[in-house]
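The primary structure of each chain is shown beneath.
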Amino acid sequence: MPKSVMIDPREVRRRSQVDFRPIPVNQYDRTVKQELKRFGKEDLLRIHRDMAIIRSFESMLNEVKLRGGYQGIEYAHRGPAHLSIGQEAAAVGQAFLLNVDDHIYGSHRSHGEILAKGLSAIQKLDDAALMDIMKGYFDGAALRIVEPDAAGPVKDLAIDYLIYGALAEIFGREAGFNKGMGGSMHAFFPPFGIYPNNAIVGGSGDISVGAAMYKRINRKPGIVIGNIGDASAGCGPVWEGICMATMDQYKELWDDDHRGGLPLILNFVNNFYGMGGQPVGETMGFKVLARLGAGLNPDQMHAERVDGYNPLAVIDAVARKKEILQRGDGPVLLDTLTYRFSGHSPSDASSYREKSELDAWKQVDPLETYAGSLVEAGVCTQQQIDEVNALAEALVGKAYRKATDLEISPRADLKKTGCLLERVMLSNRKVPCLDATRRPEVLIPKEENPRVQMLAKRSRSGLDESGKPLPKSRCVGIRDAIFEAILDRFYADPTLAAWGEENRDWGGAFAVYRGLTEALPYHRLFNTPISEGAIVGTGVGYALEGGRALVELMYCDFMGRAGDQIFNQLAKWQSMSGGLLRMPVVVRVSVGSKYGAQHSQDWSSMCAHIPGVKIVFPATPYDAKGLMYSALTGTDPVIFFESQRIYDQPEIFVPGGVPAEPYEVPFGEPAMRKEGKDLTVLTIGATLYRALEAVKALEDQHGISCELFDARSIVPFHFEQIIESVKKTRKILLTSDACERGSALQTFAAKITQFAFDELDAPPVIVGARNWITPADEVEDAFFPQPSDLLDAVHEHILPLPGYTVARRCDVEDLMRRSAEGI
Ligand SMILES: Cc1ncc(C[n+]2csc(CCOP(=O)(O)OP(=O)(O)O)c2C)c(N)n1
Ligand SMILES: [Mg+2]
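Numbering of residues begins from 1 in every chain and follows the order in which that chain's sequence is written. Working convention: letters from A go to chains and numbers from 1 go to ligands, in the order in which they are written. Two thresholds apply to this predicted model, a pLDDT of at least 70 for residue-level local features and 80 or more for giving and counting side-chain atom pairs, whereas whole-chain, interface and lining totals are computed over all residues. Side-chain measures were taken over the full set of non-hydrogen atoms in the model, leaving aside hydrogen atoms and water.

Asker: Help me understand the state of the cysteines, please; the structure alone is not making it clear to me.
Answerer: Two cysteine sulfurs form what is called a disulfide whenever their separation falls within 2.5 Å. This structure, assessed with the given rule, holds 0 disulfides. In this model Cys607 remains outside any disulfide bridge; the closest cysteine sulfur is found in Cys556, 6.6 Å from its own. The rule is simple: take the accessible area with a 1.4 Å probe, protein chains only, and divide by the maximum for that residue type; under 20% is buried, over 50% is exposed, in between is partly exposed. Residue class for Cys607 comes out buried when judged on its relative accessible area of 0%. There is no disulfide at Cys810, and the cysteine sulfur nearest it, in Cys706, is 16 Å away. Look at Cys810 and you get buried, because its relative accessible area is 11%.

Asker: Just checking my understanding: could you explain the coordination of the magnesium ion (ligand 2) for this structure?
Answerer: The donor set covers N, O and S atoms within 2.8 Å of the metal, switching to 3.2 Å for Na, K and Ca, and it leaves out water, so a site may look short of donors. Taken together, the protein ligands of the magnesium ion (ligand 2) are Asp230 (OD), Asn271 (OD1) and Tyr273 (O), with distances of 2.0 to 2.1 Å. Considered as a linear motif, the donors of the magnesium ion (ligand 2) on their single chain read D-x40-N-x1-Y. Residue Asp230 is found in the loop between strand E5 (224–229) and helix H9 (236–245), and its partner Tyr273 is found in the loop between strand E6 (264–270) and helix H11 (279–283); the two are separated by 43 residues along the sequence. For Asp230, a relative accessible area of 2% gives the class buried. Judged by its relative accessible area of 3%, Tyr273 falls in the buried class. For helices the rule is a DSSP run of H or I covering at least 4 residues; for strands it is a run of E covering at least 2, with both sets numbered from the N terminus onward.

Asker: Would you explain the sheet that holds strand E4 (residues 194–197) in this entry?
Answerer: In sheet architecture, strand pairing relies on hydrogen bonds along the backbone and comes in two forms, parallel and antiparallel. Pairing in this open sheet of 6 strands is parallel, and the strands run E4-E3-E5-E6-E8-E7 from one edge to the other. With one partner strand each, in any of the chains shown, E4 and strand E7 (304–307) form the two edges of the open sheet. Neighbour-to-neighbour, the strand axes of the sheet open up by a mean angle of 20°, direction not taken into account. Between any two strands, pairing holds if DSSP finds at least two bridges. With 3 bridges joining them, strand E3 (residues 103–106) and E5 adopt parallel strand pairing. Interaxial angle, 0 to 180 degrees, is taken between N-to-C directions of lines fitted to C-alpha atoms, where a helix line uses only the stretch in contact.

Asker: How should the site of ligand 1 be read in this particular structure?
Answerer: If you check the shell around ligand 1, you find 14 residues, and the closest are His108, Arg109, Asp230, Ala231 and Asn271. N or O atoms within 3.5 Å of each other form a polar contact, as long as, within protein, one can give a hydrogen and the other can take it, and as long as residues adjacent in sequence are counted only when both atoms are side-chain atoms. Take Ala231: an N or O atom from its main chain is 2.8 Å from an oxygen atom of ligand 1. In this structure, an oxygen atom belonging to ligand 1 sits 2.9 Å away from a main-chain N or O atom of Tyr273. Considered on its own, ligand 1 offers 570 Å² of accessible surface; in the complex 70% of this is hidden by protein. Any residue with a heavy atom lying within 4 Å of a molecule or strand is counted as near it. For every accessible area listed, the method is Shrake-Rupley and the probe measures 1.4 Å; residues are considered covered only by the protein chains on display.

Asker: Could you clarify how one ought to interpret helix H5 (residues 127–136) in this entry?
Answerer: The periodicity of an α-helix, 3.6 residues per turn, causes residues three or four places apart in sequence to face the same way. The set of residues buried in H5 consists of Leu130, Met131, Ile133 and Met134. Buried residues of H5, viewed axially, fall in a sector of 160°; they line one side. For H5, the exposed residues lying more than 90 degrees away from the buried face are Ala128, Asp132 and Lys135. Contacts made by the buried residues of H5 are with helix H4 (111–124), helix H6 (141–146) and helix H7 (154–170). Measuring from the backbone nitrogen of Ala128 back to the side-chain oxygen at the start of H5 gives 3.2 Å, which picks out Asp126 as the cap. Once H5 finishes, Phe138 follows within two positions and takes phi at roughly 45°, a positive value. Arc definition: it is the arc formed by the directions from the helix axis to the C-beta atoms. The contact rule is simple, with two residues in contact once any of their heavy atoms fall within 4.5 Å.

Asker: Quick question: what am I supposed to make of the nonpolar core here?
Answerer: When a protein is soluble and globular, its nonpolar side chains tend to lie buried together. Within the largest apolar cluster, 181 residues are counted, with the highest numbers of intra-cluster contacts made by Phe57, Phe192, Trp499, Ile639 and Phe641. Apart from the residues within four sequence positions on either side, Phe57 is in contact with His111, Leu115, Ile163, Ala166, Leu167, Ile170 and Val396. Among buried residues, the Ala, Val, Leu, Ile, Met, Phe, Trp, Tyr and Cys ones that are joined through side-chain atoms within 4.5 Å form a nonpolar core. Formed by 66 residues, the second largest nonpolar core is a distinct cluster that contains Tyr513, Leu679, Val695 and Ile798.

Asker: Teacher, can you tell me more about the pairing of strand E12 (residues 585–591) here?
Answerer: Successive residues of a regular strand alternate their side chains across the two faces of the sheet. Burial of E12 is extensive: 7 of the 7 residues sit out of reach of the surface. Side chains Val585, Val587, Val589 and Val591 of E12 all project onto a buried face; the interleaved residues Val586, Arg588 and Ser590 project onto the opposite face, where all are buried too. Relative to E12, strand E11 (residues 549–553) runs parallel, the two being bridged by 5 bridges. Of the residues in E12, the one forming a bridge with Leu550 is Val586. The sheet contact formed by E12 and strand E14 (residues 638–643) spans 6 bridges and is parallel. Opposite Val589, over in E14, you have Phe641 as the bridge partner.

Asker: Would you mind showing me how to read the packing of aromatic side chains here?
Answerer: Each pair of aromatic rings is reported with the distance of its centres and the angle of its planes. Two aromatic rings from Phe, Tyr or Trp, using only the six-membered ring of Trp, form a pair when their centres are within 6.5 Å; if the ring planes differ by under 30 degrees the pair is stacked, by over 60 it is edge-to-face, and anything between is tilted. Scanning the entire structure with this criterion turns up 35 aromatic pairs. Taking the centre distance of 4.7 Å and the plane angle of 75° together, the rings of Phe783 and Phe784 count as edge-to-face. For Phe784, a relative accessible area of 1% corresponds to the buried category. Here the aromatic cluster, defined as three or more aromatic residues joined through ring pairs, consists of Phe272, Tyr273, Tyr309, Tyr339, Phe341, Tyr352 and Trp361.

Asker: Just to check I follow, could you spell out unusual backbone geometry for this structure?
Answerer: Excluding glycine, residues mostly carry a negative phi; peptide bonds, for their part, are mostly trans. Residue Gly330 is joined to Pro331 through a cis peptide bond whose omega torsion reads 0°. Here Pro331 lies in the loop between helix H12 (311–326) and strand E8 (332–337). Phi is positive for Gln71, which is not a glycine, with a value near 45°. Counting through the fold element by element, Gln71 comes out in the loop between strand E1 (69–70) and strand E2 (73–74).

Asker: Would you explain the sheet that holds strand E16 (residues 679–683) in this entry?
Answerer: Read from one edge to the other, the open sheet built from 5 strands follows the order E15-E17-E16-E19-E20, with strand pairing classed as mixed. Each end of this open sheet is capped by a strand with a single partner; those strands are strand E15 (671–674) and strand E20 (765–769). Averaged over all pairs of adjacent strands, the angle between their axes in this sheet comes to 25°, without regard to strand direction. This element, helix H27 (residues 744–755), spans E16, strand E19 (732–739) and E20 of the sheet and lies at about 160° to E19.

Asker: What exactly am I supposed to notice about the packing of helix H18 (residues 478–490) against helix H24 (residues 621–633) here?
Answerer: Between two packed helices, the angle of one axis relative to the other and the distance separating the axes together describe the packing. Running from N to C, H18 and H24 point in directions that differ by 25°, and their axes come no closer than 8 Å. The orientation of H18 relative to H24 falls into the category roughly parallel. At the point where H18 passes H24, the crossing takes the right-handed sense. Along the contact surface, H18 presents Ile478, Ala481, Ile482, Glu484, Ala485, Ile486, Asp488 and Arg489, while H24 presents Pro621, Ala624, Lys625, Met628, Tyr629, Leu632 and Thr633. The residue inventory of the contact of H18 with H24, partitioned by class, reads 10 nonpolar, 1 polar and 4 charged. Angles below 35 degrees are treated as roughly parallel, those above 145 as roughly antiparallel, those between 65 and 115 as roughly perpendicular, and all remaining angles as oblique. Helix crossings get a hand from a simple test, with the near helix turned counterclockwise from the far one by less than a right angle marking a left-handed crossing and a clockwise turn marking a right-handed one. Ten residue types, Ala, Val, Leu, Ile, Met, Phe, Trp, Tyr, Cys and Pro, are classed as nonpolar, four, Asp, Glu, Lys and Arg, as charged, and the remainder, Gly among them, as polar.

Here is the structure:
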């Protein structure tokens, strides 16, 4: 039954108005004296200590960048350092009350947030837990470096560990929090609830939403805070993230156990600048950033501006907002005002701001004003404050000495075979169930599923007993095979959740999901806004937290909308974490045809260029099911290409057809579809069937015996079978629907030439789509490779076919002309 959110014309056409409530701005007005009871002296002093540590840490980096050293030790740090000097109160105030299971995500300017959250976690964890974390994290590598100098409480050791781990990461050392593979803008440390920071402005704007979805869907404790800059309010992915964060369905359609708004604070760290551009008065129109919350949902996202120059105001706001989230009334939008004294980066000449402005903010330096208020309230003396400041500097100095010393803190050797990055670009694990402690939530037994029952009546093979083709409508096709694998995994892995446009009642854009709605509660299968970026970005956040996401992009062409999320997020976090994280996300993309230029592009080749993702493109139901199984039981991000041309295609190659039972097709191994001896043909995706026709013509009309392979997988790819075949046939033709220029086939051809140069009688020849737009259905045959194009290519470049006349020019001169014209 469809969900039925009734649109009543009488209701929606009624005359009325939309009312907005006032948005609070800097409402906090309590003094340290008044807060003494609430926090106690110790807490109030710790707030100052934490700010002082951040100030010392960032000031040290500033000196390193500007003067090439610190405390007499020279060091050239060529990498980035986006410092947060001046922003300490906003970071410490936020982290102060957070528990370890409250997770923060950040930006390029998050050193302060890392330290603040780490210091807060150290305060909350007991000694045994701290020692376990430090000993267990990357086998205690950083602990071994800081421990020899430690002679005091475990919490002090943990503070040394935190400062050193963060700094060693910034300096690209193997004992850093992410083995030096993340660096300044991506450093993080999950055991303290510090999740990835992001060098893409607004990058955490949708990833943090996915993290909060993970907590809501899997009923995990804690909240998520996405820390993003004020200028990121202009980023599309941030808006998409907000849209996904505020969907009505969480509160209105999800079942009782999962109902409620996301436990998310989207916190704009509002320092009033991008790099030099100013959102207020120049690049945006909101004047007060918190205004953005107003139109997003009736709660106005509980939006509020808080004075991030007063740590107590921020603590107060986070405490109040956390209550809202715990009630299920999230998400929340916070506008935490602050200001950076440092430049955007240390080299910045501050040409975009007046000195008088900087001076005015320095007059209200949060460190000094807060320390002053502690002294004034009698919490401590100025001498105690000075001692804490000196201690902070000493702690930072200690970490600096160790992190800069190459003997103590070496870098990973990335030039040796089997180096760190070779090991962590892909995780290659098999973890069929990501949470064995829970039963997957489903609505009906699998056998009662109407589609399962319908498919039981279909032939699992596309051929009858005598080998003749059966009508497609009577067979299990690719669409059904993918469904079977997915359905099965939903009954096996409780963390598996799927989302995308029209995923639920509609049945997925091309009916792959028909039957899933009946099987799954809302929180495991749901529709999203038309937000391709956030569809993938939330998948990334969901996986970073420990879940498995299956997300769908309706048409391959729409991948452009999710460019950053695929290229920079999905593909990079496993390696940027130094191998700590897994990214079990399957992105289903459908390659179109018939719909013209913006709906028919095969971008498998473009994706093959991105290190860090696996790419498969099944062309048969057997492979579609087996590859989907592999994808949904692995730990790597997979772009799963499907072709709309062949969703109905039954199994014609594997005897017996598509098994009803679960099975896996491993990634990387091409499938031989037909043996032959004169010519090897390698296809990707749906070109398999056009190649079959060409192979038949070559054999029947020209007596050329062809050996046909279906790549199935583009990344990874094993060349052995192909090279063996080429040794026999001495010739190879490659074809796919991706545009020919720069395609994966060009790489394949170059490698085959390199691996088997002496075995070849002709160059490997590629037939891809033209380097054009995809024209209208009526004329798209001129664009996509056709059987006649394959014959033309064989005749022109591999071996002349006696009596054959090409259907279309493709000689060297013509290819050179096309290249010269850029087409
Ligand atoms: C998508 C993207 N565009 C541009 C940049 C270059 N860039 C880095 S930081 C920055 C300004 C960001 O301002 P804001 O989000 O307010 O954060 P802040 O630097 O003030 O902390 C820009 C434009 C980037 N890293 N990512
Ligand atoms: Mg800013």
